[in-house]
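Okay, here's what each chain looks like letter by letter:
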Amino acid sequence: MPETTAAQLPPQLPTQVAPPEVALSDLGPYAVLGVDVVAVPVLPAGDAADDAEPGTGPVLGPGAAELCEQLGLDLLAILELEEATGAAGEVTRVPVPLGGPDNADLRWVLLVGVGQQRPVDLRRAGAALARTVRNREAVATSVPAVAGPEGLAAGLEAFVVGLVLGSFGFRWSGQEPDQRPVRRVVLSDVEDAEENRAVLARALAVAGAGWQSRLLATVPSNLKNPAWLAAQAVEVAARSGLEVEVWDEQRLAAEGCGGILGVGQASASPPRLIRLDYTPPRATKKTPTVVLVGKGITFDTGGLSIKPAEGMATMKRDMTGGAVVIATMAALREVGCPVRVVGLVAAAENAVSGSAMRPGDVVRHYGGRTSEVTNTDAEGRLVMADALAYGVAELAPAAIVDVATLTGAMKVALGLRTGGFFADDEALAGHIAAAGEASGETLWRMPLADVYEERIASEVADADNAGGGPGAITAALFLRHFTGDVPWAHLDVASVGDSPVDVHEWSAGPTGFGARALLSWLGSEDPLAGVGS
């Protein structure tokens, strides 16, 4: 038999950096020993604090007065010298080269702006702190304590999410990473009580989902094919207590999933449909089900309607919707989701070969509806149609929500910082919009304008897969035909699929946008309140 060369072996993902460990402490930041960084909050002029009269300039928050006394530093004078304002995410560095009297390890004091102390401000403060303390061993910070007892839960969660996601990094190199997240963070001046530990656990789960969706979206496609993505889902299920099932190409054919098969038929890596099931601890037969559907195109060349080279540069992240569904499913138990959730990921590689789907082909979806393929680069809606139709027909959901980097038109409409969504149920739309705002993954509702239904009409099939402009709306109208009478929301996150630069909690590259918003919704007390009524 011929020998297998190293070049023929499948690549192996190198070990990646890990998020920081986070703990609570009743102590002030000045009293936490063994840390090399202490960080305290800075409030803008006019905000109340113990350390200065309101309106005279930036003021210092919890733990700062004791730190000034302990180290013999005038931190307010340093803020004035540096012209600091206390804006969210602003960081002023103060070296302490000789350490402190009780902590010889101390090397830096950081003064971190918290703006108006809203969750969005504390999230940005956490991310800014994370980037400043890369490669450090341990940090003690009282920044989340500035939220006060009434706002502590929301402020603590936001700060931790920013801290973790601001630490994100990905590297595939023969060398060690240049920058690693700080290893340990102690949240000081926060009582180590059961209720706060529960908030911290939820925050770490939400942040972990954002991290995981971002990681999956960042993995190069020479490793990340549909089978690999399915294997990741199987691992997630084992860790998270989920049920899992994977359809291979033979089962997809037997089930009539012509959209997934058609998109994946040109690739050497066959397509998959992944199903993950979450059941809450006290579920009964009356517990309703939510279905999540994610687009899992592990690489998108555009097929025979091929993209230009620059259009393919980011297409390893065209499975962001699938990554979001997998990461969300993994965290449902930790956020206390009270409903059943089934996650479906339609995974395929849209490649070019002699067996590729052609413009003019007609595919038959699960349940029998047909689509004329006039543009093979409008492939995401074809694979999602099968998953949506299956979910509606087989799972009797109370609501169905899909997530996809679907249309470039959404980027034209909303830019790079806001995702778009469509919904045919007012209560569900309200839940999604509120969850996006609360989580920091802002979503703007777009219109399901029936006047454009004629654009997706076909003379030879039930619909044309590429109805043209307005592209985001015609794509949503195409998908709506597969949702039956089930309340439905469609998240088109193509606008926010990539971040061009590091900004706040976002790292440059694939964002994994959507997991935090879905967890904010599904982790609420009643995610389906008013839906379908």
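Anything mentioned here points back to the structure above.
Here the structure is a predicted model, which is why all the values come from computation and not from measurement.

Asker: Hey, could you go over the overall build of the protein chain for me, with residue numbers and the actual values?
Answerer: Along its length, the protein chain carries 15 helices and 20 strands. Taken against the 2.2 N^0.38 rule, which gives 24 Å for 533 residues, the C-alpha radius of gyration of the protein chain at 25 Å falls within 12% of a compact globule. Residues classed as buried in the protein chain amount to 56% of the 533 residues present. At a minimum sequence separation of 6, the contacts of the protein chain that also span at least 24 residues come to 76%. On the protein chain, roughly 21,200 Å² of surface is accessible, and the fraction owed to carbon and sulfur atoms is 51%.

Asker: Explain the pairing of strand β5 (residues 108–113) residue by residue, including any values.
Answerer: Buried residues dominate β5, accounting for 5 of its 6 residues. Taken together, the 6 bridges between strand β2 (residues 37–43) and β5 define a ladder with parallel strand orientation. Considered in β5, the bridge of V38 is made with V109. Taken together, the 5 bridges between strand β4 (residues 91–95) and β5 define a ladder with antiparallel strand orientation.

Asker: Pulling in residues and values, what's your account of a negative patch on the surface?
Answerer: On the surface, D26, E66, E69, D189, E191, E194 and E195 cluster together into a negatively charged patch. Elements with a minimum of two residues in the negative patch: α1 (64–71) and α5 (194–218).

Asker: Lay out the sheet that holds strand β18 (residues 488–492) with the relevant residues and their values.
Answerer: Ordered in space as β8-β9-β11-β10-β14-β18-β15-β16, the 8 strands form an open sheet in which the pairing is mixed. Lying at the two open borders of the sheet, with one neighbouring strand each, are β8 (243–247) and β16 (443–445). Averaged over neighbouring strand pairs, the angle between their axes works out to 20° when direction is ignored. The sheet contact formed by strand β15 (residues 419–423) and β16 spans 3 bridges and is parallel.

Asker: How would you explain empty space enclosed by the protein if you had to name every residue and give the values?
Answerer: Applying the stated rule across the entire model yields 2 cavities of 30 Å³ or more. Of the voids in this model, the largest cavity is the one considered here, and its volume is about 60 Å³. In terms of lining, the largest cavity is formed by P29, Y30, V32, V35, V38, L67, Q70, G100, P101, D102, N103 and L106. By volume, the second largest cavity amounts to about 40 Å³. Taken together, G262, V263, A266, G303, L304, N350, A351, A356, M357 and T376 form the lining of the second largest cavity. Split into classes, the residues belonging to the lining of the second largest cavity amount to 6 nonpolar, 4 polar and no charged.

Asker: Describe the sheet that holds strand β13 (residues 370–372), and please don't skip the residues or the numbers.
Answerer: Taken together, 3 strands build an open sheet; the order of strands is β12-β13-β17 and the sheet is mixed. The outermost strands of the open sheet, each flanked by one partner alone, are β12 (362–364) and β17 (463–464). Here β12 runs beside β13; their pairing, made up of 3 bridges, is antiparallel. Along β13, the bridge assignment pairs V363 with S371.

Asker: Lay out a nonpolar patch on the surface in plain terms, naming residues and giving numbers.
Answerer: A cluster of nonpolar side chains, V234, V244 and V246, forms an exposed patch at the surface whose accessible area comes to about 180 Å². Mapped onto the elements, V244 comes out in strand β8. Judged by relative accessible area, which is 33%, V244 ranks as partly exposed.

Asker: Run through helix α3 (residues 119–132), naming residues and quoting values.
Answerer: Taking 1.5 Å per residue, 14 residues should reach 20 Å; α3 reaches 20 Å between its end C-alpha atoms and fits that length. For α3, the complete set of buried residues consists of D121, L122, R123, A125, G126, A127, A128, L129 and A130.

Cut-offs and rules
- Residues numbered from 1 in each chain as written.
- Predicted model: local features only at pLDDT ≥ 70, side-chain atom pairs only at ≥ 80, totals over all residues.
- Heavy atoms only, no water.
- Helix = DSSP H or I, 4+ residues; strand = E, 2+ residues; numbered from the N terminus.
- Rg over C-alpha atoms; globule rule 2.2 N^0.38 Å.
- Buried < 20%, exposed > 50% of the residue type's maximum accessible area, 1.4 Å probe, protein only.
- Contact = heavy atoms within 4.5 Å.
- Areas by Shrake-Rupley, 256 points an atom, 1.4 Å probe, with all protein chains shown as cover.
- Pairing = 2+ DSSP bridges.
- Patch = residues over 30% accessible without salt bridge, like charges linked within 9 Å, V, L, I, M, F, W, Y side chains within 5 Å.
- Salt bridge = Lys/Arg side-chain N within 4 Å of Asp/Glu carboxyl O.
- Lys, Arg positive; Asp, Glu negative; His and termini not counted.
- Charge placed at Lys NZ, Arg CZ, Asp CG, Glu CD.
- Axes fitted to C-alpha atoms, helices over the stretch in contact; angles between N-to-C directions.
- 1 Å grid on protein atoms, 1.4 Å probe; cavity = no way out; pocket = protein on both sides within 12 Å on 5 of 7 lines; lining within 4 Å.
- Points joined across faces, edges and corners; volume = space filled by probe spheres on them.
- Nonpolar A, V, L, I, M, F, W, Y, C, P; charged D, E, K, R; others polar.
- Expected span 1.5 Å × (residues − 1).

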